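These are the residues of each chain, in order.
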Amino acid sequence: MRAATTPSRIRALLNLKATSISNPNNINNNIVSLQPFSFEDSIHHLKNAADTKNLIFGKTIHAHLITSNQLSQEDDNVVLVNSLINFYSKCGQARVAHNLFDEMPKRNIVSWSSLMMGFLQIGCGFKVFELFRDMGLVDGIRPNEYILSTVLSACCKGMVFEGQQCHCVGLKTGLVFYQYVKNALVRMYSMCSDLGGAMGVLYSVPGSDIVTYNSIISGLLDHGCVNEALDVLNRIVVEYKAWDEVTYLNVFALCARLKDTNMGMQVHSHLVKNSEEFGFYVTSSLIDMYGKCGKISYARRVFDSLDTRNVGSWTTIMAAYLQNDCFEETLSLFLDMELEDVVPNDYTFAVVLNASASLSALGYGTSLHAYTEKSGFKGHVIVGNALINMYSKAGFAGHANKVFTEMINRDIISWNSIISGYCHHGLGKEALSVFNDMLAAEVKPNNITFIGVLSACGHLGRVQEGFYYLQQLMIQIGIKPGLEHYTCIVGLLSKAGLLNEAENFMRTTPVDWDVVAWRTLLNACHVHRNYDLGKQVAKIVLQMYPDDVGTYTLLSNMHAKAKRWDGVADIRKLMRERNIKKEPGLSWTEIRNNTCVFVSDDKSHPELKQIHEKIKDLLNRITLLGYVPDIATVFHDVEAEQKEEYLSYHSEKLAIAYALMKTPPGAPIRVIKNLRMCNDCHSAIKLISKVTNRLIIVRDVNRFHSFQDGSCSCQDYW
DNA sequence: AAGCCCCAAA
C-alpha cells in the first residue's frame, strides 16, 4: 500500500513547522498517522528537495522515513541514505550529512561522492581531500568520474600541485575521457591561473562540449586574456556549437571587457534569435554589457523591456548608471525599486552607497548606512567597503575608520579603501599605520595598496621610504611596479622639491608616461616656481596631449605666477586656436539634506544679493589678517578691478558663504568642487576658517583640503 | 535507483 502523494498531501507536509520536524515527539503527533511513502517516492522527493534546496521539505521526508521505520531495514537503505546525504549536502548541511554517513553500516561510492559534494559546497576543500584518501583506505574504493570531478573542483586557488596529481589519476585511469572530468580539469587549471594547462587539456583531450568552452572562456576572461577568449569564441561559432545561458553570460562579459558595442549587439541578436526566453542571469549580463560599453540608453531599454525583474536586474541597471557617472539616476532608481517592493541585497547597497559617495551625498549615505544595518548587512564585506568609500569621499575620515575597525570580515579592498581614503585626506601617517597593521595581520598587499602607500610617503615627504617600497618591498612581495607607482614616485620627488630628480626619474625610467605623470611634474614646477623647467616640460606635454584642458589651466597659472603675461597670452591663444574650453567651475554643499549647487559667477541664485554681501563681509574681515587677492591667477586681459570681482565669485566662495549663512555657528562646512582649487580661494578659505572659527572641508578634483584655524591639511601643496 | 563540470550585480 503506498501513500498518496497528491499535491494536497505535500502541502500538508510543507505546512509543518520546522520545530515539529526537529522534535521527534512533534513529528509523532503530526504525521504518525500518515501512510509511509514508497521507496521510489521517497527518492523522488528527496531529489526534489535537494534540487530546490528546500531544507524543510527534505527534513519532513527524513522525519517520515524515521517514523515509518524505513531507515532501519539494513539491506536496501544505502540508496535511501545516499539520497539523504545528497539532500543535506546540497542544502549546505555537510555536518548532518556526515553524521548519517558515519552511521551507515554499509556505504558505496555514491555515499562518498555525495558527502564530498557537501564539503565542497561549504568550502571545506581539505575535507574533500581527506575523504578522497579515506575512501581508498577505509572502503577500498577506487575513484570514478564523479569522485574525480568533485575532487578537482576542490582544488581551488593555488592548489595546482594537488590538481596536477588528480590530473595524473585521470590519465592513469582513463577517467579524463569523461566529459565532466575534462571540464573539471579545465576549470581547475583556470582557477589555478595555469591557463597553459587549461588550454593543454582543452586541445589534448578529445571531445569538447559547450561547458568546456564556457569554462575556458570564463577562465581566460578572469585573467584578462581577451584575444585568446575571442579565439575560443571563434571555435564555438565555427563548430556550430549550440550556446547555453552560460555561454551568453561569458560572451557578454567578453564584449563588455572589449567595450565592443557592435559585437555586443550581434550577440544580443544571436540571443533573441536562438532562445525564446532567458533568465535573470542572461538579461542582467546583457544590461551590464551595454552599461560597460557606455551605452546606458541601450541598457535602460533592455531593462524597461523586461517582463519580470529581480533584485539582480535592478542592481545591474543601477550599477550601469553608476559606471556611467549618472549618480543621481542610480539613487532615483533605488527609490523606484523600493516602490516596487523589491528587497535590496548587499550588492544593491554597495551600488547606491558608491553613488552617494561619488556625490558626497552624506545625508543620503548615512540614511543608507542605517538602512543596511537594519537589513542585516552589517557584516557584509562589500557593504563595509562601500561605507568606507562613502564616508571617505564625504570627507569623514574618522567615520570611515570606525566602519573599518568594526568590520568583522575584511578583504583586500577594505584595506585599500581605508588607506587610499586617508591619502585623499592627506593623512599619510594614518595611511602608513594601517599599512603596517595590514602587514602584521599577514594580509598580502596588492598593486593598489602600494599606490596608496607611495602617495602616503609623498604626503609625508619620505623619499627614501618610498623608494624602499618601490624597489625592495614590492619586488619582495612579487608585485611588478606599474605606471601608477612610478607616477607616485614622480609626485614624491616633486613634493619634496627635488624637481630635477623627478625630471631625471621620468627620463631614465622606461615607462610610457601618461598625461597624469607629466601634469604632476608640471604642477610641481608651478608650486615650486621653477619657471624654466616648467616651460620645458610644458613643451613636451602640449606636444603629446594637445587637448588636455588641465594642462592649459596649469600652464596659464604658472605663467601668471611668474608674472609672464606674454606666456599667459600665448596659452590663451593656443586654447582659442585648438578650441579648448575650460570646464565651468562648480561647487556644491549639503544643507539639511538639500544639495545646493553653485556655478562660478552665478547670476541666477535667488539669494544672490545676500551671498555677495556675505562674501564682501568675509573678504573685509580676512583682509585685516593680511589677505591680498591673488589676481595673478586671473587672465590679464580682464580689467583690473574686475579681476577681484571674478575671484570673489568663484563657486567655492559662493558655496562657503551660503553655508555660513545657513548653518549654525561652529558647524563644519563641506564643499565639493569639480575642478582643482585656485590659489586665491585656497588662501582666502584658510583665513575664513580662522575668522569664522569653522572647520571647512573642500573636496577638489584631486583631494581633500581641510581648513581649520588658518591652515590647510594639504600644507599648501596640491 | 542516488552522485559530478560552466553562472552577475561593487
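Keep in mind it's a predicted model, so treat the numbers as computed, not measured.

Draft legend 1. Structural view of the overall build of chain A. Helices and strands together make up the secondary structure of chain A, namely 39 helices and six strands. Taken along its principal axes, the extent of the C-alpha atoms in chain A is 105 × 55 × 55 Å. Burial statistics for chain A: of 718 residues in total, 49% are counted as buried. Within chain A, residue pairs in contact and separated by at least 24 positions form 63% of the contacts whose partners lie at least 6 positions apart. Surface accessibility of chain A: about 34,800 Å² in total, with carbon and sulfur atoms responsible for 53%. Placing the 69 positive and 71 negative side-chain charges of chain A at their respective mean positions leaves the two points 4 Å apart.

Draft legend 2. Quick peek at unusual backbone geometry. Phi is positive for Ser-193, which is not a glycine, with a value near 60 degrees. On the secondary structure map, Ser-193 appears in the loop between helix H12 (179-191) and helix H13 (195-204). Of note in the backbone geometry, Lys-259 takes a positive phi value of approximately 50 degrees without being a glycine. Mapped onto the secondary structure, Lys-259 falls in the loop between helix H16 (245-258) and helix H17 (261-274). According to the relative accessible area criterion, Lys-259 is exposed, its value standing at 55%.

Draft legend 3. Expanded view of the protein's contact with DNA strand B. Around DNA strand B, a shell composed of 46 residues is seen, among which Phe-39, Asn-144, Tyr-146, Asn-183 and Ile-382 lie nearest. Of everything in DNA strand B that lies within 4 Å of the protein, sugar and phosphate atoms constitute 37%. Here Asn-183 contributes a side-chain N or O atom positioned 2.6 Å from a base oxygen of DNA strand B. Taking Gln-323, its side chain carries an N or O atom lying 2.8 Å from a phosphate oxygen of DNA strand B. A total of six residues in the surface near DNA strand B trace back to one element, the largest contributor, which is helix H20 (residues 311-323).

Draft legend 4. Region of the structure containing the UniProt feature "repeat: PPR" (unreviewed entry) in chain A. Taken from the UniProt record, the annotation "repeat: PPR" (unreviewed entry) applies to residues 77-111, 209-239, 310-344 and 411-445. Along residues 77-111, the helical share is 74% and the strand share 0%, with 11 Å between the first and last C-alpha atoms. With 74% helix and 0% strand, residues 310-344 has end C-alpha atoms that lie 10 Å from one another.

Draft legend 5. The arrangement of the packing of H20 against helix H21 (residues 327-339) in detail. Packing of H20 against H21 brings their axes to within 7 Å, and their N-to-C directions diverge by 165 degrees. Classed by the angle they form, the pair H20 and H21 counts as roughly antiparallel. As H20 runs across H21, the sense of the crossing is right-handed. Here Trp-314, Ile-317, Met-318, Tyr-321 and Leu-322 of H20 lie close against H21, whose contacting residues are Phe-327, Glu-329, Thr-330, Leu-333, Phe-334, Asp-336 and Met-337. Split into classes, the residues belonging to the contact of H20 with H21 amount to nine nonpolar, one polar and two charged.

Draft legend 6. Here's a closer look at the packing of aromatic side chains. A complete count under the given rule lists 20 aromatic pairs for this structure. Judged by centre distance (5.0 Å) and plane angle (80 degrees), the ring pair of Phe-349 and Tyr-371 falls under edge-to-face. Here Phe-349 is found in helix H22 (residues 346-359), whereas its partner Tyr-371 is found in helix H23 (residues 362-374), with 22 residues between them in sequence. Residue classification places Phe-349 among the buried residues on the basis of a relative accessible area of 0%.

Draft legend 7. Structural detail: helix H10 (residues 145-154). Along H10, eight of the 10 residues are buried, which leaves the element largely enclosed by surrounding structure. Residues Glu-145, Ile-147, Leu-148, Ser-149, Thr-150, Val-151, Leu-152 and Ala-154 constitute the buried set of H10. Buried residues belonging to H10 abut helix H8 (109-121), helix H9 (125-139), helix H11 (160-173) and H12. At the N-terminal end of H10, a side-chain oxygen is found 3.1 Å from the backbone nitrogen of Tyr-146, two or three residues along, and the residue is Asn-144.

Draft legend 8. A look at the sheet that holds strand E6 (residues 711-712). Reading across from one edge, E2-E1-E3-E4-E5-E6 is the order of the six strands in this open sheet, with mixed pairing throughout. Because the sheet does not close on itself, it has two edges, and the strands there are strand E2 (594-599) and E6. In this structure, strand E5 (residues 704-708) lies alongside E6, joined through two bridges in antiparallel fashion. Its bridge partner being in E6, Gln-708 is matched across the sheet by Ser-711. Relative to E5, helix H39 (residues 679-692) is tilted by about 40 degrees, and along the sheet it contacts strand E4 (696-699), E5 and E6.

Draft legend 9. Spotlight on the pattern of salt bridges. Applying the stated rule across the entire model yields 23 salt bridges. Across the salt bridge formed by Lys-378 and Glu-406, the nearest N and O atoms sit 3.6 Å from each other. With a gap of 28 residues between them, Lys-378 in the loop between H23 and helix H24 (381-393) and Glu-406 in helix H25 (residues 397-406) connect regions that are remote in the sequence. Given the relative accessible area of 44%, Lys-378 is considered partly exposed. What makes Glu-406 partly exposed here is its relative accessible area of 43%. One continuous salt-bridge network, built from bridges that share partners, spans Glu-373, Lys-378, Lys-402 and Glu-406.

Draft legend 10. How the structure looks around the environment of Pro-629. Among the structural elements, Pro-629 can be located in the loop between helix H36 (608-623) and helix H37 (640-648). Linking Pro-629 and Asp-102, residues 527 residues apart in sequence, is a C-alpha distance of 84 Å.

Draft legend 11. Structural context of H25. Buried residues of H25: Ala-397, Ala-400, Val-403 and Phe-404, and no others. The buried residues of H25 occupy one face: seen down the axis, they fall within an arc of 125 degrees. Those residues of H25 that are exposed and aimed more than 90 degrees away from the buried face are Gly-398 and Lys-402. For H25, the elements touching its buried residues are H23, H24, helix H26 (412-424) and helix H27 (428-440).

Draft legend 12. Representation of the pairing of strand E3 (residues 669-673) in the model. Counted residue by residue, E3 has five buried out of five residues, so it is predominantly covered. Of the two faces of E3, the one lined by Ile-669, Val-671 and Lys-673 and the one lined by Arg-670 and Ile-672 are each fully buried. Here strand E1 (residues 586-591) runs beside E3; their pairing, made up of three bridges, is antiparallel. Paired with Ser-587 across the strands is Lys-673, a residue of E3. With four bridges connecting them, E3 and E4 associate as parallel partners. Residue pairing across strands places Ile-672 opposite Arg-699, the latter belonging to E4. Note on the crossover from E3 through H39 to E4: the handedness is right-handed.

Draft legend 13. Structural detail: the side chain of Ser-38. Counting through the fold element by element, Ser-38 comes out in the loop between helix H3 (24-31) and helix H4 (39-51). Ser-38 gets classed as buried once you look at its relative accessible area, which sits at 13%. At a separation of 3.1 Å, a polar atom in the side chain of Ser-38 contacts the main-chain amide nitrogen of Asp-41.

Cut-off values and rules
Each chain carries its own residue numbering, running from 1 in the direction its sequence is written. For this description, chains carry letters from A and ligands carry numbers from 1, given in the order in which they are written. The predicted nature of this model means local features are confined to residues of pLDDT at least 70 and side-chain atom pairs, given and counted, to a pLDDT of 80 or more, with totals for whole chains, interfaces and linings taken over all residues. Water and hydrogen atoms were dropped before computing side-chain values, which therefore reflect all heavy atoms in the structure. Put simply, DSSP marks the helices as runs of H or I at least four residues long and the strands as runs of E at least two long, and each gets a number from the N terminus on. Between buried and exposed lies partly exposed: a residue is buried under 20% and exposed over 50% of the maximum accessible area for its type, with that area taken using a 1.4 Å probe on protein chains only. Here, two residues are considered to be in contact whenever any of their heavy atoms come within 4.5 Å of each other. Note on areas: Shrake-Rupley with a 1.4 Å probe; residue coverage comes only from the protein chains shown. Charge convention: Lys and Arg are scored as positive, Asp and Glu as negative, and His as well as the terminal groups of each chain are ignored. To locate a charge, the coordinates of NZ of Lys, CZ of Arg, CG of Asp or CD of Glu are taken. The nearness test applies per residue and asks whether one of its heavy atoms lies within 4 Å of the molecule or strand. Polar contacts here mean pairs of N or O atoms no more than 3.5 Å apart (in protein, one a potential hydrogen donor and the other a potential acceptor; neighbouring residues in sequence count only if both atoms are side-chain atoms). UniProt positions are given in the numbering used here, feature names are shortened, and annotations may be inferred rather than shown by experiment. Axis geometry follows a simple rule: fit a line to the C-alpha atoms, using only the stretch in contact for helices, then measure angles between N-to-C directions, giving values from 0 to 180 degrees. Any angle that is under 35 degrees is reported as roughly parallel, and any over 145 degrees as roughly antiparallel; angles of 65 to 115 degrees are reported as roughly perpendicular and all others as oblique. Handedness of a crossing follows from how the near helix is turned relative to the far one, being left-handed for an anticlockwise turn of less than a right angle and right-handed for a clockwise one. Just so you know the grouping, Ala, Val, Leu, Ile, Met, Phe, Trp, Tyr, Cys and Pro go in nonpolar, Asp, Glu, Lys and Arg go in charged, and all remaining residues, Gly too, go in polar. Two aromatic rings, drawn from Phe, Tyr or Trp (for Trp, its six-membered ring), form a pair once their centres lie within 6.5 Å of each other, and the interplanar angle then sorts them: stacked below 30 degrees, edge-to-face above 60, tilted otherwise. By definition, two strands form a pair when at least two bridges between them are found by DSSP. In what follows, salt bridge is the name for a side-chain nitrogen of Lys or Arg lying within 4 Å of a carboxyl oxygen of Asp or Glu. An arc is given here, and it is the one of the directions from the helix axis to the C-beta atoms. With the strands aimed away from the viewer, a crossover counts as right-handed if its path from the first strand over the helix to the second runs clockwise.

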